[in-house]
Amino acid sequence: MITRQRPAAWVIALLAALTAGLVTAGPAAADDDDEPAQPSPKVELVLDVSGSMRARDIDGKSRMAAAKQAFNEVLDATPDEVALGIRTLGANYRGDDRKTGCKDTELLYPVERLDKAGRTDAKAAVATLAPTGWTPIGPTLLKAADDLTDDTAGRSRRIVLISDGEDTCQPLDPCVVAREISAKGIHLTIDTLGLVPDAKTRDQLSCIAEATGGTYTSIRHTDELAGRVKQLVDRAADPVVTPVEAKGAAQCTDAPRLKSGLYTDREEFGEHRWYRVDVPEGKELRASVSVSADRAVHQDYGVLLRAETPNGREIVRGQESGDGRTDVISTGLRYPRPEADDADEDDKYGATETVCLRVSNSFSAPASVKKTPGMPVELAVDLVDSPDEASDVASFGLGHGWWLLGLLVLVGFVAGLVWGWLSRWRFAVWRTN
């Protein structure tokens, strides 16, 4: 069965939680109970409140109104263990003095764990914001990094920057600032979201994210904004799912072997990349892939994720198409491997079966757009216990299409016979009466 939702990494998270919970037996055990097993992750939401946020092009309302609505939803959904803060840029100074405007950044709500009263206070602070001034992204990122820096080792730190325009405080290039933050080794990730961005804004926000291993997403609807910010906050709360780099191959025989986890790669337009996963008997493979269009591309594109045997026979597939409304497109698949039986020779791989995952895309772009490096790819792999009886259509090869076609033909044939018999019976009754 094909699913388009990202597979949950709860198995990995459970193992990490159990590992973190182990403490050394002895006299010091009582003292360890007073400290959390893992430091609270820190997240700071950085919101652009410059004058351009007045534009009314997100679901019929202003960008500022859409951001406020999204923030309210995010604050309600923030996990209790996450320390969250809010910083603004361009929210206070209305004048024309560049030097003053480039200092216009404020910590609207301190970085702390949210209780009921804290969520209410944060919402009230956001509600007072009105689009005002400049766009000092570089200076704001420096301040935000200071907000999150402390001496606690192993803490997850993340900045989520939401902006609708380029930095207006050059020569302090925000890309250079992001690289400097990354070079400090404080394990801080910056994710960027562009509200209805133009090409220059997209390039700058993408550069900021790439410098720290973060992600860039283009936003054109309120629900997209709320959903993406929630996802990033949850990722900070569960650092186990931090992606690991894995370079796909041009063919399955050379592909890297992946275990349960989250992986990143890059794929050029129209390229195929291969990965391998060993699936034991009685296990179900769940995989999903997301490809981000981090540059201007033509509308109408698609992503295909295929699970195949090493001999090239398709087991199951997941596919999705897009039309330019979002810069991220995802699809997924499931393959429950049944216990060994008297299957044909093509299916006999012993106790562990090698499944080849092929990621393909149909993106294209104008000739002026750079084709390298490739677009960011995020691949999630999970192996869970298979159902007692492999009733999933994938285990019978329905993802290939031939079984489904044969089933439809058989159903149509039987339905035709039944309909013909009923028609003759009705005609006979009509003649008799």
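Residues numbered from 1 in each chain as written. Predicted model: local features only at pLDDT ≥ 70, side-chain atom pairs only at ≥ 80, totals over all residues. Heavy atoms only, no water.

Engineer: Explain the nonpolar core here, please?
Structural biologist: General note: in soluble globular proteins, nonpolar side chains tend to be found buried as a group. By size, the foremost hydrophobic cluster in this structure holds 35 residues, and its most contacted members are Leu 47, Ile 86, Ile 162, Leu 225 and Val 229. With 7 residues, helix α3 (residues 63–77) is the single largest residue contributor to this core. If sequence neighbours within four positions are ignored, Val 229 has contacts with Leu 45, Val 74, Val 160, Ile 162 and Leu 193. Among the nonpolar cores identified, the runner-up in size contains 32 residues, and Tyr 263, Val 279, Ala 287 and Leu 357 belong to it. (Core = buried A, V, L, I, M, F, W, Y, C linked by side-chain atoms within 4.5 Å. Buried < 20%, exposed > 50% of the residue type's maximum accessible area, 1.4 Å probe, protein only. Helix = DSSP H or I, 4+ residues; strand = E, 2+ residues; numbered from the N terminus. Contact = heavy atoms within 4.5 Å.)

Engineer: Can you walk me through the state of the cysteines in this structure?
Structural biologist: Covalently bonding the sulfur atom of one cysteine to the sulfur atom of another cysteine gives a disulfide. Scanning the entire structure with this criterion turns up 3 disulfides. A sulfur-sulfur distance of 2.0 Å marks the disulfide that ties Cys 102 to Cys 169. Since a negative S-S torsion denotes a left-handed disulfide, the Cys 102-Cys 169 link at about -100° is left-handed. Taken together, the residues Cys 102 in the loop between α4 (98–101) and β3 (105–113) and Cys 169 in the loop between β4 (157–163) and α7 (174–183) connect sequence positions 67 residues apart. Overall, the relative accessible area of 15% leaves Cys 102 in the buried class. Each sulfur of the disulfide joining Cys 252 and Cys 356 lies 2.0 Å from the other. As the torsion about the S-S bond is roughly -75°, the Cys 252-Cys 356 disulfide counts as left-handed. (Disulfide = S-S within 2.5 Å.)

Engineer: Whenever I open this one, a nonpolar patch on the surface confuses me. Can you help?
Structural biologist: Residues Leu 410, Phe 413, Val 414, Leu 417, Val 418, Trp 419, Trp 421, Leu 422, Trp 425 and Val 429 make up a contiguous nonpolar surface patch of about 1100 Å² in total accessible area. Within the secondary structure, Trp 425 sits in helix α10 (residues 402–432). (Patch = residues over 30% accessible without salt bridge, like charges linked within 9 Å, V, L, I, M, F, W, Y side chains within 5 Å. Areas by Shrake-Rupley, 256 points an atom, 1.4 Å probe, with all protein chains shown as cover. Salt bridge = Lys/Arg side-chain N within 4 Å of Asp/Glu carboxyl O.)

Engineer: Would you take a moment to explain helix α6 (residues 137–148) for this structure?
Structural biologist: With 12 residues, α6 extends 17 Å between its outermost C-alpha atoms, agreeing within 8% with the 16 Å of an ideal straight helix rising 1.5 Å per residue. Within α6, 9 of the 12 residues are buried, which leaves the element mostly enclosed by the surrounding structure. Every buried residue of α6 is accounted for by Ile 137, Gly 138, Pro 139, Thr 140, Leu 141, Ala 144, Ala 145, Asp 147 and Leu 148. (Expected span 1.5 Å × (residues − 1).)

Engineer: Teacher, can you tell me more about the sheet that holds strand β16 (residues 375–385) here?
Structural biologist: Remark on secondary structure: sheet strands pair via backbone hydrogen bonds, oriented parallel or antiparallel. Pairing within the open sheet is mixed, and its 5 strands lie in the order β7-β9-β16-β11-β14. In this open sheet, the two strands that pair with only one neighbour each are β7 (244–245) and β14 (328–336). In this structure, strand β11 (residues 283–292) lies alongside β16, joined through 9 bridges in antiparallel fashion. Counterpart to Ser 290 in the pairing with β16 is Glu 378. (Pairing = 2+ DSSP bridges.)

Engineer: Any chance you could explain the side chain of Glu 284 here in plain terms?
Structural biologist: For Glu 284, the location among the structural elements is in strand β11. A distance of 3.0 Å separates the side chain of Glu 284 from the side chain of Arg 334, its partner in a polar contact. (Polar contact = N/O pair within 3.5 Å; in protein donor to acceptor, adjacent residues only side chain to side chain.)

Engineer: Looking at this model, I keep getting lost on the pairing of strand β9 (residues 261–267). Mind explaining?
Structural biologist: Successive residues of a regular strand alternate their side chains across the two faces of the sheet. Counting buried residues along β9, 5 of its 7 residues qualify, which places the element largely inside the surrounding structure. One ladder, built from 2 bridges, connects β7 with β9; its direction is parallel. Bridge assignment links Val 244 to a residue of β9, and that residue is Tyr 263. Of the strand pairs in this sheet, β9 and β16 are connected by 7 bridges, and their pairing is antiparallel. The residue bridging Leu 262 from the neighbouring strand is Ala 380, located in β16.

Any functional reading would require information beyond the geometric quantities listed.
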